[in-house]
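These are the residues of each chain, in order.
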Amino acid sequence: MNNFHGIIFAYSAAPELRELVGARTAASLPFCGRYRLIDFALSSMRNAGILDVGIIMQRDYQSLLDHIGSGKAWDMSRRSGGLRMLPPFGLPEYHTGNYTGTIEALNAVSTYIRDIPQKYLVLLLGNMCANIDLVPVMRQHRRSGAEITAICADHTPAQSHHRYVLGEDGLVKQILFDRNDEWEGLPALEGYIINKDTLLKMMDECKARNQYSFHKHAVAAFLAEGGKMCAYVHPGYAVAIRTVEAYYQASMDMLKTEYRRQMFPADRPVRTKAHEEVSTYYGERAVSRNSLVADNCKIEGSIENCIIFSGARIEKGAKLRNCIIMRGGIVGENAELDCVIADKYCSFSSGTVLKGNAKLPTVVPKGVSI
Amino acid sequence: MKKNCIAMLLAGGQGSRLYALTQKVAKPSVPFGGKYRIIDFPLSNCANSGIDTVGVLTQYRPLQLNSYIGNGQPWDLDVTDGGVYILPPYQSAGEKGSWFSGTANAIYQNISFIESYNPENVLILSGDHIYKMDYSDMLREHVEKEAACTISVLQVSMEEATRFGIMNLGEDGYVEQFEEKPKQPKSDLASMGIYIFNWKKLREYLIADENDPKSSKDFGKNIIPKMLSAGEKLWPYRFKGYWRDVGTITSLWDANMDMLSPDLINLYDPAWPISSRSPVCPPHYAGEESEIIHSIVTEGCEVDGHVENSVLSPNVIIGRGATVNYSVLMPGAVVESGAIVEYAIVGENTVVRSGAHVGALPDGTDAWGVATCGPDIEIRSGAAVPAGAMIYTGEEV
């Protein structure tokens, strides 16, 4: 048995994703033509041989359940162990709203955590857009003897909300909050490897003190008490998706070959639910420039800097620039769209003109016809 | 548990007329139509027709086929009490064991597999046809007509009829005569090589045929004529729709080109999906200078050049300034910048270096043909592969 057990946080509602999280959590947000954000965390774990994984969720998780199914796509449908979906089953009596923090979310499934047979836990965010190679992190964690290893970025992702400052011995000595400055500390990717005993102690202490935050309370207290914590720097693309702007920017980043190579390396594939699909057909007058197109589309019009999900139809004379068209979108003849994010199954009738702005893309909610 | 009908898929043939494409793999696992391999069609048809037990008879180069089929999960054939089984030739105690010596012999050697399901009927399929067919409809007719054997037939033109096994019918509508490639055909109903047999009957004929030293142990040549002369009821099931034998380079290329016209065969039909075991790859990328016209493209491709009238399989890379026209690119094929590929089939993971030229436009002569490069070949920079050429793996070009 692999001595690592995965936990993915998929409860985040991320209200700044607005219409995009109308009926889903950030973790199940469709991304890059055929994926959901949680595919990255699941695939990172699968590619590191971690097949026992719990997914913590709270509400609006129908789309997540539908996507993940038995976990087969990630080889996590196992006879023993494998994938477990973890809706709340130990909420404190006073609880009414959303989980206020990671520790509260963990405490809500504390019986599951306590029963984990493995020694180490790998914690990842379900809405982190990053293909993290966990193998070197696991190796470093075991060798360093640290109780916690924090996965950090080698650059400052947009909205990085806290950073770790290392001492001369290479250990983490301080956590800084709400800092975007480039010059101090390593930006955290909110992914950790942590000894199970250490996490349980944190959960118990926070519960006793009525605290909920992993970073503000648990990690800060751990460091203050002189706990041994290391940092690991993930060398590739990484950004947490919490706002429409971040989602749009990360999507457009995937048009850059360099980022695509980091996110979709051949030896660490990103796995996702398989759909029954056929190839995409390009018509006699199709124009395609710098775009990512999934299967089962019909492209008769023109696309430039676009992400087109499966099942989309772009009719003759339609002109799309800088758009994200999710599954089943239909863009009618001679329609013109610019900087539009169309959620699943939207349709735009012939001649429709809709323009957003790269800083403020227009979001069309799921199933809307214009 | 007793089964009404199980399928036996003949996938052991070499497919020698596909030359370089079947040098290392069996014909049924040759890539087709971008996302598929040929065997996806009969396997999907089985699953869609409610036939959940399929024996796949393999013999020639089965490794890739075995791993491709696996447990049958992509076709929903990973079921308990049934499923998909790979059936290679095997040895029994006291016997020498032998290769399958013909289509009928292949089934004969697997009588005990079929018996273990105790089926009423057995569907015999071949692994080299592209079509969508509801076998349950054929089975219904087979039962209604109380036939010993039902043969799926397709109406062809009288010219084409000389290339097929032709069924001549009696007044009652049952098959009266079977002629293999008749010079002067009396009917235009061609056998598609798809049979449903009453298992008890077939079993008798297989055993008798096995003991006939003159028999070539073939369904079309031996079993069907013997049943006819014994006066068994043979019913023709008339199939309407798209059906292509892809046993030759030209027919394989033609059928691939057909995939560009969804009105010929609609693979978009959610009620009749053709499934495949697809690799996991990101959506395809159409680059800044790409031009993709009247073509199909699938996941993992990176297109920076000009692609027209072509079929691109997963993970194909077309470099900047490269031209691909009327061609079939199999998974992982690479056409580097400035190379030209026209009227060609490029095998899996074959690389066409920049400046190379594969294939040529039709010139109206008989010598012209589709140029074919097998898998894992490097076509060197500046090399020219002429029309109709056949490049084998291991050759230096």
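Just above, that's the structure.
Source: prediction; values computed, not measured.

Scoring rules and cut-offs
Residues numbered from 1 in each chain as written. Chains lettered and ligands numbered in written order. Predicted model: local features only at pLDDT ≥ 70, side-chain atom pairs only at ≥ 80, totals over all residues. Heavy atoms only, no water. Helix = DSSP H or I, 4+ residues; strand = E, 2+ residues; numbered from the N terminus. Rg over C-alpha atoms; globule rule 2.2 N^0.38 Å. Buried < 20%, exposed > 50% of the residue type's maximum accessible area, 1.4 Å probe, protein only. Contact = heavy atoms within 4.5 Å. Areas by Shrake-Rupley, 256 points an atom, 1.4 Å probe, with all protein chains shown as cover. Arc of directions from axis to C-beta. Polar contact = N/O pair within 3.5 Å; in protein donor to acceptor, adjacent residues only side chain to side chain. Buried area = accessible area lost by both parts, 1.4 Å probe. Salt bridge = Lys/Arg side-chain N within 4 Å of Asp/Glu carboxyl O. Nonpolar A, V, L, I, M, F, W, Y, C, P; charged D, E, K, R; others polar. Pairing = 2+ DSSP bridges.

A. Structural context of the overall build of chain A. From N to C terminus, chain A includes nine helices and 28 strands. Expected size for 370 residues packed as a compact globule is a radius of gyration near 21 Å; at 21 Å, chain A falls within 12% of this value. Taken over the C-alpha atoms alone, chain A extends approximately 65 × 45 × 40 Å along its principal axes. Put simply, chain A has 370 residues, and 60% of those count as buried. Excluding contacts between residues fewer than 6 apart, the proportion of contacts in chain A whose partners are at least 24 apart in sequence is 56%. Total accessible area on chain A stands at roughly 14600 Å², and carbon and sulfur atoms take up 47% of it.

B. A look at helix α5 (residues 134-144) of chain A. All names here are of chain A. Among all positions of α5, only Leu-134, Val-137, Met-138, His-141 and Ser-144 are buried. End-on, the buried residues of α5 take up no more than an arc of 145 degrees, which puts them together on one face. Where α5 is buried, its residues contact β1 (4-9), α1 (38-47), β6 (120-125), β8 (148-153), β11 (186-195) and β12 (229-234). Of the residues flanking the start of α5, the one acting as N-cap is Asp-133, its side-chain oxygen 3.2 Å from the backbone nitrogen of Val-135. Within two residues after α5, Gly-145 carries a phi angle of roughly 75 degrees, on the positive side.

C. Structural context of the interface of chain B and chain A. Counting residues at the interface gives 33 residues for chain B and 35 residues for chain A. Here chain B and chain A share an interface that buries about 2800 Å² over both sides, 49% of which is from carbon and sulfur atoms. Summed over the three residues of chain B that lose the most area to chain A, namely Tyr-268, Pro-283 and Tyr-285 of chain B, the buried surface amounts to 23% of that side. For the pair chain B and chain A, the number of links is five salt bridges. Put simply, Asp-78 of chain B and Lys-72 of chain A hold a salt bridge, and the shortest N to O gap is 3.4 Å. Our enumeration of links across chain B and chain A arrives at 21 residue pairs in polar contact (both at pLDDT 80 or more). Within the residue set of the side of chain B that touches chain A, elements represented by two or more residues are β14 (284-286), β15 (291-293) and β16 (295-297) of chain B. Class assignment of the residues belonging to the side of chain B that touches chain A gives a composition of 16 nonpolar, 11 polar and six charged. Relative to β14 of chain B, strand β16 (residues 291-293) of chain A runs antiparallel, the two sharing three bridges. Bridging from a neighbouring strand, Val-293 of chain A pairs with His-284 of chain B of β14 of chain B.

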